[in-house]
Amino acid sequence: MSITEASSVDIASAPAIEAEIARLFAAPQFARAPVMRRLLTYLIDQTLAGNGTRLKAYTIAVDGLGRDPDFDAKQDSYPRVQVGRLRQLLDDAYAKAGSRAGVRIQIPKGAYAVEFEQADEAPEQIDHDARTGVARADMPIRQWIVMAAIAVAAAFIAVATVHALGGAAGASADRANSPVSAKPAADMASR
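Model, not experiment: these values are computed from the prediction. (Residues numbered from 1 in each chain as written. Predicted model: local features only at pLDDT ≥ 70, side-chain atom pairs only at ≥ 80, totals over all residues. Heavy atoms only, no water.)

> Got a minute to help me understand the overall build of the protein in this structure?
Looking only at helices and strands, the protein has seven helices and five strands in total. For the protein, the N- to C-terminal ordering of α and β elements is β-α-α-α-α-α-β-β-β-β-α-α. Of the contacts formed within the protein by residues at least 6 apart in sequence, a portion of 48% connects residues at least 24 apart. Summed over all atoms, the accessible surface of the protein reaches about 12700 Å², with 59% contributed by carbon and sulfur. (Helix = DSSP H or I, 4+ residues; strand = E, 2+ residues; numbered from the N terminus. Contact = heavy atoms within 4.5 Å. Areas by Shrake-Rupley, 256 points an atom, 1.4 Å probe, with all protein chains shown as cover.)

Quick look at the structure:
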(Lines give C-alpha, C1' and ligand atoms only; values in the text may rest on other atoms or scores of the structure.)
Protein backbone atom coordinates (compact mmCIF):
# COMPACT_ATOMS: atom_id res chain seq x y z
CA MET A 1 0.00 0.00 0.00
CA SER A 2 1.43 3.37 -0.98
CA ILE A 3 0.08 6.44 0.76
CA THR A 4 0.86 9.92 -0.48
CA GLU A 5 -1.95 12.15 0.76
CA ALA A 6 -3.46 12.71 4.20
CA SER A 7 -6.92 11.64 3.04
CA SER A 8 -5.45 8.23 2.20
CA VAL A 9 -3.74 7.74 5.56
CA ASP A 10 -5.53 5.25 7.75
CA ILE A 11 -5.89 6.58 11.30
CA ALA A 12 -4.52 3.27 12.60
CA SER A 13 -1.35 3.76 10.56
CA ALA A 14 -0.48 7.14 12.14
CA PRO A 15 1.09 5.49 15.24
CA ALA A 16 2.98 3.10 12.96
CA ILE A 17 4.32 6.06 10.98
CA GLU A 18 5.37 7.84 14.18
CA ALA A 19 7.06 4.67 15.44
CA GLU A 20 8.93 4.29 12.16
CA ILE A 21 10.10 7.92 12.29
CA ALA A 22 11.38 7.37 15.85
CA ARG A 23 13.14 4.15 14.77
CA LEU A 24 14.76 5.89 11.79
CA PHE A 25 15.90 8.86 13.87
CA ALA A 26 17.53 6.47 16.36
CA ALA A 27 19.53 4.84 13.54
CA PRO A 28 23.18 5.93 13.31
CA GLN A 29 22.63 7.42 9.84
CA PHE A 30 20.08 9.92 11.17
CA ALA A 31 21.52 10.36 14.66
CA ARG A 32 24.39 12.40 13.23
CA ALA A 33 22.35 14.21 10.56
CA PRO A 34 20.12 16.92 12.09
CA VAL A 35 19.46 18.56 8.71
CA MET A 36 18.19 15.26 7.31
CA ARG A 37 15.93 14.71 10.35
CA ARG A 38 14.47 18.19 9.97
CA LEU A 39 13.98 17.73 6.22
CA LEU A 40 12.29 14.33 6.61
CA THR A 41 10.02 15.69 9.35
CA TYR A 42 9.03 18.61 7.12
CA LEU A 43 8.33 16.40 4.10
CA ILE A 44 6.28 13.95 6.17
CA ASP A 45 4.29 16.75 7.82
CA GLN A 46 3.54 18.34 4.45
CA THR A 47 2.57 15.01 2.91
CA LEU A 48 0.28 14.11 5.81
CA ALA A 49 -1.27 17.60 5.65
CA GLY A 50 -2.24 16.93 2.04
CA ASN A 51 0.44 19.15 0.50
CA GLY A 52 2.77 16.43 -0.76
CA THR A 53 2.01 16.92 -4.43
CA ARG A 54 2.42 20.69 -4.09
CA LEU A 55 5.93 20.56 -2.63
CA LYS A 56 8.44 22.56 -4.66
CA ALA A 57 12.17 23.20 -4.31
CA TYR A 58 11.56 26.77 -3.08
CA THR A 59 9.18 25.81 -0.26
CA ILE A 60 11.45 22.94 0.80
CA ALA A 61 14.46 25.27 0.88
CA VAL A 62 12.72 28.06 2.80
CA ASP A 63 10.29 26.20 5.06
CA GLY A 64 12.04 22.85 5.38
CA LEU A 65 15.72 23.73 5.29
CA GLY A 66 15.66 27.26 6.73
CA ARG A 67 16.92 29.20 3.71
CA ASP A 68 16.14 32.91 3.39
CA PRO A 69 12.95 33.93 1.55
CA ASP A 70 15.08 35.40 -1.27
CA PHE A 71 16.29 31.88 -2.11
CA ASP A 72 16.38 31.23 -5.88
CA ALA A 73 15.58 27.59 -6.66
CA LYS A 74 16.61 28.08 -10.30
CA GLN A 75 20.14 29.11 -9.32
CA ASP A 76 20.67 26.89 -6.28
CA SER A 77 20.18 23.11 -6.29
CA TYR A 78 20.51 22.81 -2.50
CA PRO A 79 17.01 21.40 -1.83
CA ARG A 80 17.26 18.87 -4.68
CA VAL A 81 20.69 17.74 -3.47
CA GLN A 82 19.47 17.43 0.12
CA VAL A 83 16.39 15.42 -0.87
CA GLY A 84 18.66 13.15 -2.94
CA ARG A 85 20.88 12.66 0.12
CA LEU A 86 17.79 11.96 2.20
CA ARG A 87 16.67 9.27 -0.26
CA GLN A 88 20.11 7.65 -0.03
CA LEU A 89 20.09 7.89 3.77
CA LEU A 90 16.68 6.19 3.91
CA ASP A 91 17.86 3.43 1.58
CA ASP A 92 21.00 2.96 3.67
CA ALA A 93 19.06 2.89 6.96
CA TYR A 94 16.64 0.26 5.63
CA ALA A 95 19.46 -1.81 4.13
CA LYS A 96 21.35 -1.88 7.43
CA ALA A 97 18.23 -2.54 9.51
CA GLY A 98 17.48 -5.71 7.57
CA SER A 99 14.10 -7.08 6.71
CA ARG A 100 11.19 -6.30 8.96
CA ALA A 101 7.46 -5.80 8.74
CA GLY A 102 5.87 -2.40 9.33
CA VAL A 103 5.81 0.95 7.61
CA ARG A 104 8.59 1.87 5.22
CA ILE A 105 9.11 5.56 4.45
CA GLN A 106 10.43 6.48 1.02
CA ILE A 107 10.70 9.40 -1.35
CA PRO A 108 10.41 8.37 -5.00
CA LYS A 109 12.84 9.89 -7.48
CA GLY A 110 11.37 12.88 -9.26
CA ALA A 111 9.06 13.75 -6.36
CA TYR A 112 9.21 15.36 -2.96
CA ALA A 113 6.10 13.76 -1.48
CA VAL A 114 6.80 10.99 1.01
CA GLU A 115 5.31 7.55 0.46
CA PHE A 116 4.47 5.16 3.25
CA GLU A 117 4.60 1.55 2.24
CA GLN A 118 3.24 -1.23 4.40
CA ALA A 119 5.90 -3.93 4.44
CA ASP A 120 3.95 -7.02 5.53
CA GLU A 121 6.42 -9.51 4.13
CA ALA A 122 10.12 -9.67 4.74
CA PRO A 123 12.15 -8.98 1.60
CA GLU A 124 14.39 -11.67 0.15
CA GLN A 125 17.73 -12.30 1.81
CA ILE A 126 19.51 -11.13 -1.34
CA ASP A 127 18.85 -7.60 -2.53
CA HIS A 128 20.43 -5.27 -5.03
CA ASP A 129 22.83 -2.47 -4.28
CA ALA A 130 20.99 0.74 -5.15
CA ARG A 131 24.07 2.30 -6.75
CA THR A 132 25.37 -0.63 -8.80
CA GLY A 133 22.32 -2.85 -9.24
CA VAL A 134 24.49 -5.84 -8.32
CA ALA A 135 22.95 -8.51 -6.10
CA ARG A 136 24.57 -8.77 -2.71
CA ALA A 137 23.91 -11.03 0.24
CA ASP A 138 22.87 -9.61 3.61
CA MET A 139 26.23 -10.25 5.21
CA PRO A 140 27.98 -7.65 7.36
CA ILE A 141 31.12 -6.15 5.85
CA ARG A 142 33.27 -7.52 8.68
CA GLN A 143 32.32 -11.07 7.71
CA TRP A 144 33.30 -10.36 4.10
CA ILE A 145 36.65 -8.96 5.24
CA VAL A 146 37.37 -11.95 7.47
CA MET A 147 36.43 -14.37 4.69
CA ALA A 148 38.64 -12.52 2.20
CA ALA A 149 41.57 -12.54 4.66
CA ILE A 150 41.18 -16.30 5.18
CA ALA A 151 41.07 -16.88 1.42
CA VAL A 152 44.23 -14.78 0.91
CA ALA A 153 46.03 -16.62 3.73
CA ALA A 154 45.02 -20.01 2.29
CA ALA A 155 46.25 -18.98 -1.16
CA PHE A 156 49.56 -17.77 0.30
CA ILE A 157 50.07 -21.05 2.18
CA ALA A 158 49.26 -23.06 -0.94
CA VAL A 159 51.72 -21.07 -3.07
CA ALA A 160 54.43 -21.30 -0.40
CA THR A 161 53.93 -25.06 -0.07
CA VAL A 162 54.07 -25.66 -3.81
CA HIS A 163 57.13 -23.46 -4.10
CA ALA A 164 58.90 -25.24 -1.23
CA LEU A 165 58.13 -28.71 -2.58
CA GLY A 166 58.75 -27.74 -6.18
CA GLY A 167 61.96 -25.91 -5.27
CA ALA A 168 63.43 -28.91 -3.39
CA ALA A 169 62.46 -31.40 -6.08
CA GLY A 170 63.66 -29.08 -8.80
CA ALA A 171 67.04 -28.53 -7.13
CA SER A 172 67.79 -32.25 -6.81
CA ALA A 173 66.69 -32.84 -10.40
CA ASP A 174 68.97 -30.03 -11.56
CA ARG A 175 71.97 -31.56 -9.72
CA ALA A 176 71.35 -35.00 -11.17
CA ASN A 177 71.20 -33.66 -14.74
CA SER A 178 74.16 -31.32 -14.35
CA PRO A 179 77.09 -31.94 -16.76
CA VAL A 180 79.51 -31.43 -13.88
CA SER A 181 79.61 -34.58 -11.83
CA ALA A 182 79.35 -34.27 -8.13
CA LYS A 183 82.32 -36.01 -6.53
CA PRO A 184 82.23 -37.04 -2.93
CA ALA A 185 84.08 -34.83 -0.49
CA ALA A 186 86.58 -37.59 0.24
CA ASP A 187 87.65 -37.69 -3.41
CA MET A 188 88.11 -33.97 -3.37
CA ALA A 189 90.20 -34.07 -0.21
CA SER A 190 92.62 -36.71 -1.55
CA ARG A 191 93.65 -34.58 -4.48
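> Please explain the environment of Asp-91 as it appears in this structure.
Relative to the assigned elements, Asp-91 resides in helix 5 (residues 78-97). On a C-alpha basis, the gap between Asp-91 and Ile-105 in space is 9.4 Å, while along the polypeptide they are 14 residues apart.

> Is there a simple way to explain the environment of Gly-64 in this structure?
In this structure, Gly-64 sits in helix 4 (residues 57-64). With relative accessibility at 1%, the residue Gly-64 sits in the buried group. For Gly-64 and Thr-41, which are 23 residues apart along the polypeptide, the C-alpha to C-alpha distance reads 8.4 Å. Apart from residues no more than four positions distant in its own chain, Gly-64 is found in contact with Arg-38, Tyr-42 and Thr-59. (Buried < 20%, exposed > 50% of the residue type's maximum accessible area, 1.4 Å probe, protein only.)

Note that all results are geometric; they support no functional claim without further evidence.
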